[in-house]
Amino acid sequence: MARRVAAAAPVGVRMAAHRVVVVGGGIAGCAAAEEAARLGLPVTLIDEHPQGRQAMSFDAPYFYGARLDAVPADARANGPPRGQAGERLASCRDHGVEVLTGTCCWGNFVPGPNTTNLANATLGVADATRSWLIDYDHLILAPGGRDLVLSFPGWQRPGVLGANGADALLGRYGALAGRRMVILGSGNVALRTARLALDHGVAVATLIEVSPAVRGDAPDAAALAKAGVPILLTHTVERVIGDDAVHAIRVVAVDGEGRPAASSAHEIACDTVCMAFGVVPNVELAAVAGCRVVFDGARGGWVPELDTDSRSIIPSIFVVGDGAGTSEAARRDPAIAAAQGRRAARAIARDRGRMSGAAEPVPVPVDREPVLSYARTWLNALGMAGGLDVMVCPCENVTRRQVLDAVRTGGHPSQDLLKRRTRVGAGVCQGKRCRDQTLLLLAEAHGVDPAAMSPGSYRAPVRPIPLSVMAALEETEAARQAWPIWLHPVEDGAPGYASAPPGEDDRA
Amino acid sequence: MRSADVVIVGAGIIGLASAYWLAKAGAKVVVLDKGRVAWEATGRATGFLSLRGETPREAPLAVAAEALWATLDDELGHPTEWLPGGRLWVALDEERMAELAAIAPGWCAAGIPVRVLDGKAARDIVPCLSERTLGGLHTTRGGHANPLRTAQAFAHALLDRGGAVLEHTPVTGIHVEREHVVGVATSSGTIATDTVVVGAGPQTGLIAAMADVRVPVAPVRVEATVTTPMPRLFDVAMVGHGLSLRQTRRGNIQFNGGPHEWIDVDAVSEPAKPNTPIVRNMARRLAELFPSLTDVHVLRCWAGVVEVTPDQTSIIDRVASPDGLIVATSSGHGFGLAPAIGQAVRGLVLERASPIPIDGLGLARFGNLCPDWRAARRWSAGAYNT
């Protein structure tokens, strides 16, 4: 009845294989690509900027928070990348690197256990109109970090965004629709965002810091003070004031335990609130390939397990830059990321027998206080000031109270289990806005260290991709004919029996 | 030593449903899993209840399950997202349409009324279907639910009834004395029991082998995909264009299907479940099926490991030896049947007989199966899409 069809893997037309592929055109990725090219390896660099507006609306991975100007102030926003980002890519091209901009990498597929039929390690990539596959022999992932998001009443309003998002909108796209910003946090991410805002003519009303001391580097903080930007210490957010826009932020002083002193609450006028609590690694592209992910608080939480060359447990895959781990020190000193990138490229060259000799030492930055520990201090104070009925997951409308109620029903402390129960993290941002807050809430409620928990699953596509773009349009007719209808049905007389299979009533 | 009336191996939908009904009947039940609840076959299920017109010996279970599903949320006290939306098969080409028309009489003969539809009638049921749809088969019977939430609902309800679920506790042996089960060895000690239910999905064969019982199952890796949520489009469980799909209560379209890789598993560790670029071919098929929805985004892909029996039909049996060993596996289509399979298992445990007819689902039918049946089928580990 049903067709028996020839077994064949539906494989499509692929781009010619490039031996080294680098994902991410930041400092680490460009340094890696340039070094690999300098060592004579053929290199392709993929960078997702400029992002389409639809990608931006999915907050991937930048928390743009609808603060994107309707019309970018700079018409070049959709042209070649600007500033340092553009210079880095131009330099890569000068060294012979093939540079694909406006191209996001959404999948990473590796032959291995239970995918033995995959011919090559391959990346799924897409631009605005189509997707395709790029085979690689070596992969250097430099996917950067994403904004660590903690919620407070009003945080979903247009006008609230993340520091990475602000950085991209200000520096890269010239498209930040705001005039007066309040920045939450005082680490190097916050200080840098404040400087960038001032440089682009956006006023910075204040930085808010929950701790009694500035987290970031003293000289940068002093420079801001000199520019007239105050840092309000031992304060937290009570709520954002506004309806369809931000008009002000209401802040309140906290004591040493994070408890708010109600009498101290006051409003600060602003149209933009920037969350600069910190940056955590984008580990998705490593995780979906099967690279082991471990919890390392000193590197920003869940990170790929790497050796000193930044090589993952899959020998062909390296991870460098913020994607390998974030720190205040690396934020201050871009040379660290660049050194990681170069060292990974040299390790690949050594694999190929193209060079020998000792590797360049890369400093291992260690923060006084890791980002998630700092975030816990913030979350504690935000929880006391803002309460439990605050959205954690705006995609699926899940509040802190619902998360904590679900935790109380028992089971292992697992983000995947929590996702099943509450849908937290199941929405269109793919958990990028709620994952860290959920992790902290789970750890707190269970009284365990996050290191004792299983990481939540990471899934391809690591960016939501339209069906029309993801579709394998190059699929061959043979591949279409080999498509099974729920496996291939077993017919009477199927092989494997010593004689004809017994009929249904043989049992009786 | 810990003891239990019944130890159930496998915290998938079949193990948990069996455990729930047994606990409700008063048994002291412990469910063991090498990993987490619903992490293998159940985690990959599309979530359908089919009335099994194509395998009439499973139809009594399906009919019983349909009745149980109707009140399952109230029974369990936890949500399953059951939607009795019926089932629709559609054809986009003449060959497939002829196949569908040919199977209709069999379903009707099995007591499940199906209608052969033309393209317009199919689009009346699912308006977003392609204009290329030539027609299909429709039954108002059956429906779909959320596999993860349902498994979790059974697990919670089991705990509510005093049962236990021990995750990350692999079984390392089944103790048998004088042809009777006397205990189960686990990674954290032995549990004394005279009854073991093996409902371990892809690992069922390996666990049963610990008691020298041969259960022929072949594990296979298959892939699954889900879109971003949309407003309500259709309620039916749908099969067409090489995909099985449903719209979840939240509004996402879950769509499964495509080429598969036969694999081996072990009894103690979680098998690798990677996706492959096939997800692009799946996306293309959904785009062709629903041309007006091509702007909707693919949100997540994942893969699962499913067990397949030699005749792609359930195995539900209380074996003759050792006494006290019950096997329940459903060849990759057990999700919808599970509430009834659980009741069949309860009967086999407590009364040595199923309250629902399970004739022809025993292991005896594999008596003359060759030891190398997987190789003969080209279902051995590494074979692709055979």
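These numbers were taken from a predicted model, which means no experiment stands behind them.

Enquirer: Explanation requested: unusual backbone geometry in the structure shown.
Expert: When glycine is set aside, most residues are seen to have a negative phi, and most peptide bonds are trans. All names here are of chain A. Across the junction of H49 and P50, the peptide omega takes the value -5°, indicating a cis bond. Within the secondary structure, P50 is located in the loop between β2 (43-46) and α2 (53-57). We note that N114 has phi near 70°; this positive angle belongs to a residue other than glycine. With respect to the secondary-structure elements, N114 resides in the loop between β4 (104-109) and β5 (122-126).

Enquirer: Sorry, what's going on with the interface of chain A and chain B here?
Expert: The figure often quoted for interface size is the accessible area lost as the parts come together. At the junction of the two partners, chain A supplies 76 residues and chain B supplies 86 residues. Among the residues of chain A in contact with chain B, A:R420, A:L467 and A:W483 are the three that bury the most area, contributing 13% of the side total. The tally of links between chain A and chain B comes to five salt bridges. Among the ionic pairs, A:E396 bridges to B:R250, the shortest N-O distance being 2.4 Å. Across the contact surface, chain A and chain B share 36 residue pairs in polar contact (both at pLDDT 80 or more). Taken together, the elements giving at least two residues each to the side of chain A that touches chain B come down to β4, β6 (131-141), α12 (415-422), β22 (465-466) and α14 (467-470) of chain A. No other element matches α12(A), which puts six residues into the side of chain A that touches chain B. Here the side of chain A that touches chain B is composed, by residue class, of 41 nonpolar, 20 polar and 15 charged. Of the strand pairs in this sheet, β22(A) and strand β19 (residues 297-308) of chain B are connected by two bridges, and their pairing is antiparallel. What sits directly across from A:P466, in β19(B), is B:H297.

Enquirer: Which parts of the structure should I look at to understand the pairing of β5(A)?
Expert: Sheet faces and side chains relate simply in a regular strand, where the side chains alternate between the two faces. Residues and elements named next belong to chain A. The element β5 is largely enclosed, with a buried count of five among its five residues. By the alternation rule, side chains of β5 split into T122, G124 and A126 and L123 and V125, which are all buried. Sheet topology places β4 next to β5; five bridges connect them, and they run antiparallel. By the bridge assignment for β5, C105 is matched with V125. In this structure, β5 lies alongside β6, joined through five bridges in antiparallel fashion. Residue pairing for β6: T122 is matched across the bridge by D135.

Enquirer: Would you take a moment to explain the packing of helix α3 (residues 59-70) of chain B against helix α10 (residues 338-350) of chain B for this structure?
Expert: Helix packing for two helices is described by the angle between their axes and how far apart those axes are. All names here are of chain B. Closest axis-to-axis distance for the α3/α10 pair is 7 Å, and the angle between their directions is 110°. The angle between the axes of α3 and α10 places the two elements in the roughly perpendicular class. When α3 is examined against α10, the residues L61, A64, A65, L68 and W69 are found in contact with a partner set consisting of P339, A340, I341, Q343 and A344. Residue composition of the contact of α3 with α10, grouped by class: nine nonpolar, one polar and no charged.

Enquirer: What is the right way to look at the confidence of the model for chain A in this model?
Expert: If pLDDT is low for a region, its predicted coordinates should not be looked at in detail. Residue and element names in this part refer to chain A. Chain-level statistics for chain A give a pLDDT mean of 88 and a share of 91% at 70 or above. Note that residues 1-18 has pLDDT below 50 and, in this model, 48 contacts with residues that lie over four places away or in other chains. Here residues 504-508 scores under 50 on pLDDT; set against residues more than four positions off or in separate chains, the count is five contacts.

Conventions we followed
Residues numbered from 1 in each chain as written. Chains lettered and ligands numbered in written order. Predicted model: local features only at pLDDT ≥ 70, side-chain atom pairs only at ≥ 80, totals over all residues. Heavy atoms only, no water. Helix = DSSP H or I, 4+ residues; strand = E, 2+ residues; numbered from the N terminus. Contact = heavy atoms within 4.5 Å. Buried area = accessible area lost by both parts, 1.4 Å probe. Salt bridge = Lys/Arg side-chain N within 4 Å of Asp/Glu carboxyl O. Polar contact = N/O pair within 3.5 Å; in protein donor to acceptor, adjacent residues only side chain to side chain. Nonpolar A, V, L, I, M, F, W, Y, C, P; charged D, E, K, R; others polar. Pairing = 2+ DSSP bridges. Buried < 20%, exposed > 50% of the residue type's maximum accessible area, 1.4 Å probe, protein only. Axes fitted to C-alpha atoms, helices over the stretch in contact; angles between N-to-C directions. Parallel < 35°, antiparallel > 145°, perpendicular 65-115°, else oblique. pLDDT = per-residue confidence, 0-100.

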